[in-house]
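# Structural description and commentary
Listed here are the chains, written in short residue letters.
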Amino acid sequence: MNRLGLGAATVATMIAGAASAQDMPYEIGEGGFHWDGYTAFAQAHDLTGQRVTITGPWTGFEKEKVDVMFRYFEEATGAEVNYSGSDSFEQDIVISARTGTAPNLAVFPQPGLAADMAQQGLLTPLPDETAGWISENYAAGDSWVDLATYEGEDGEDHLYGQFYRVDLKSLVWYSPIAFDEMGYDIPETMEDLRELTEQIVDDGGTPWCIGLGSGAATGWPATDWVEDLMLRTQEPSVYDQWVSNEIPFDDPAVIGAIEEFGWFVRNDDFVQGGAQAAATTDFRDSPSGLFAVPPECYMHRQASFIPAFFPDSAELGDNVDFFYFPAYEDKDLGTPVLGAGTLFSITNPSEATDVMLEWLKEPIAHELWMAQDGFLTAHAGVNLDVYATDAQRSMGEIIAGATTFRYDASDLMPSEIGAGAFWTGMVDFVTGESAEDAAAAIQARWDTLK
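Owing to the predicted nature of the structure, the values given are computational and were not obtained by experimental measurement.

## Brief notes about the pattern of salt bridges
A complete count under the given rule lists 17 salt bridges for this structure. One salt bridge connects Glu416 with Arg445, and the closest N-O pair in it is separated by 2.0 Å. Note that Glu416 is positioned in helix 18 (residues 415–430) and Arg445 in helix 19 (residues 435–447), a separation of 29 residues in sequence. A residue is classified by how much of its surface remains accessible, and Glu416, at 39% relative accessible area, is partly exposed. Judged by relative accessible area, which is 33%, Arg445 ranks as partly exposed. Within this structure, Arg71, Glu74 and Glu75 form a network of salt bridges that share partners.

Set out below in structure tokens:
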């Protein structure tokens, strides 16, 4: 059925016959979505009879949510979208691309694999105007362009990806009840956060719960601390040089960030159980001190996923909440944000593929998942009121206010470093090794890979 040119009210009457409420849970024209953009998009594109094939990492409930977004694209254009999620996406996409059976689009959970495939000629650059559009329409737009620009098979740099879903790591979780009882304010700068840390100790409390334990992956939470502090003590370009090893791991800039982390974690008065306990406490158990009565700690720095490990008694906005891990006022580095994200890249070009990428520029393509929860975006044009929860909205506001966004450094480094030597080196540092020695050992391991 060709739906081009139909008004929102007319299209809405077709929904019952065209798709189930589960497929299209939001009635066209109602709510805070950008329906005007949807209608204009529908009028501009007729893809009747065409298909877009997509593969990515989203399975289960996440697949159900992204399928809702794709369903509205189908309704607008007449195209068919076939999305398949895979737990072994990273292996599957390489095999299909090399054998000539790749889908039209691949959704990469990490830029590193996309960069590798671009260099091998397995990805198609995005249209030239895309980089400018992202710079202008995404919060910290230049950051997203940088993160998706790679050297191609021709030896030239091209934009190969368009970011969609974002994960946020620059968060501090705290107990509003405990803060209120003690009269503590939310720190707005890193200087304020350090002062608050010392004040809590002076008042007889313990500021931080920190846990680095994670089985074979023990140490990874420490890498997030260091990455966040690198972004708060150095220019983004220095962070990028660190990630690529253009500056060595034992460069003074990196050592400085490690020592900043040490200010928090290596003071036994600052950490529940002391520094040695931080090195062995499982990260899933470490936030529990926020909920003790009296509190065993007042703050816990961790990413947006950590509520999955809160006790059943946790009520976000009541006995637990979060604030932005702040920047130093005196360093004038803006409001950097650390996180991760998924990007769409072209693995098999087609007309419908190009139109899908245009669809992903529309605010509503983001809002349709925002409204279902479990989704954050850097798109500056979305209606933040559409977020499903106050917590998601607050996180969205943090991303919207970012002046710099950088991907988790350890995820971009060679696996033997980012998922090996960096982890163990930070545990060694927390348990007593100097920042210089820990960093030098990581660099020595990196040197063996060259």
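## A look at the state of the cysteines
For the structure shown, the criterion picks out one disulfide. Here Cys209 engages in a disulfide with Cys297; their sulfurs sit 1.9 Å apart. On the S-S bond that ties Cys209 to Cys297, the torsion sits near -100 degrees, and the link is left-handed. One end of the pair, Cys209, is in the loop between helix 9 (190–202) and helix 10 (220–233); the other, Cys297, is in the loop between helix 13 (275–280) and strand 8 (299–301), with 88 residues separating them in the sequence. We classify Cys209 as buried; its relative accessible area is 1%. Since its relative accessible area comes to 0%, Cys297 is described here as buried.

## Side note on the nonpolar core
In this structure, Ile54, Tyr72, Phe73, Phe344 and Trp359 are the most contacted members of the largest nonpolar core, which totals 96 residues. For this core, the leading source of residues is helix 3 (residues 60–77), giving seven residues. Counting residues in each nonpolar core, the second largest holds 57 residues, with Tyr239, Ile255, Val265 and Val271 among its members.

## Let's talk about the packing of helix 10 against helix 12 (residues 252–265)
Contact geometry of helix 10 with helix 12 gives a least axis separation of 8 Å together with a crossing angle of 120 degrees. The angle between helix 10 and helix 12 places the two elements in the oblique class. Handedness of the helix 10/helix 12 crossing: right-handed. Seen from helix 10, the contacting residues are Ala222, Trp225, Val226, Leu229, Met230 and Thr233; seen from helix 12, they are Ala253, Val254, Ala257, Ile258, Glu260, Phe261 and Phe264. Looking at side-chain class alone, the contact of helix 10 with helix 12 contains eleven nonpolar, one polar and one charged residues.

## Concerning the pairing of strand 1 (residues 51–56)
Inspection of the sheet shows strand 1 paired to strand 2 (residues 80–85) by six bridges, in the parallel sense. Within strand 2, the residue paired with Thr53 across the bridge is Asn82. Since strand 1 and strand 2 lie parallel, the crossover through helix 3 that links them has a hand, and here it is right-handed. Alignment of strand 1 against strand 3 (residues 105–108), held across two bridges, turns out to be parallel.

Analysis parameters
- Residues numbered from 1 in each chain as written.
- Predicted model: local features only at pLDDT ≥ 70, side-chain atom pairs only at ≥ 80, totals over all residues.
- Heavy atoms only, no water.
- Salt bridge = Lys/Arg side-chain N within 4 Å of Asp/Glu carboxyl O.
- Helix = DSSP H or I, 4+ residues; strand = E, 2+ residues; numbered from the N terminus.
- Buried < 20%, exposed > 50% of the residue type's maximum accessible area, 1.4 Å probe, protein only.
- Disulfide = S-S within 2.5 Å.
- Core = buried A, V, L, I, M, F, W, Y, C linked by side-chain atoms within 4.5 Å.
- Axes fitted to C-alpha atoms, helices over the stretch in contact; angles between N-to-C directions.
- Parallel < 35°, antiparallel > 145°, perpendicular 65-115°, else oblique.
- Left-handed = near helix turned anticlockwise from the far one by under 90°.
- Contact = heavy atoms within 4.5 Å.
- Nonpolar A, V, L, I, M, F, W, Y, C, P; charged D, E, K, R; others polar.
- Pairing = 2+ DSSP bridges.
- Right-handed = clockwise from strand over helix to strand, strands pointing away.

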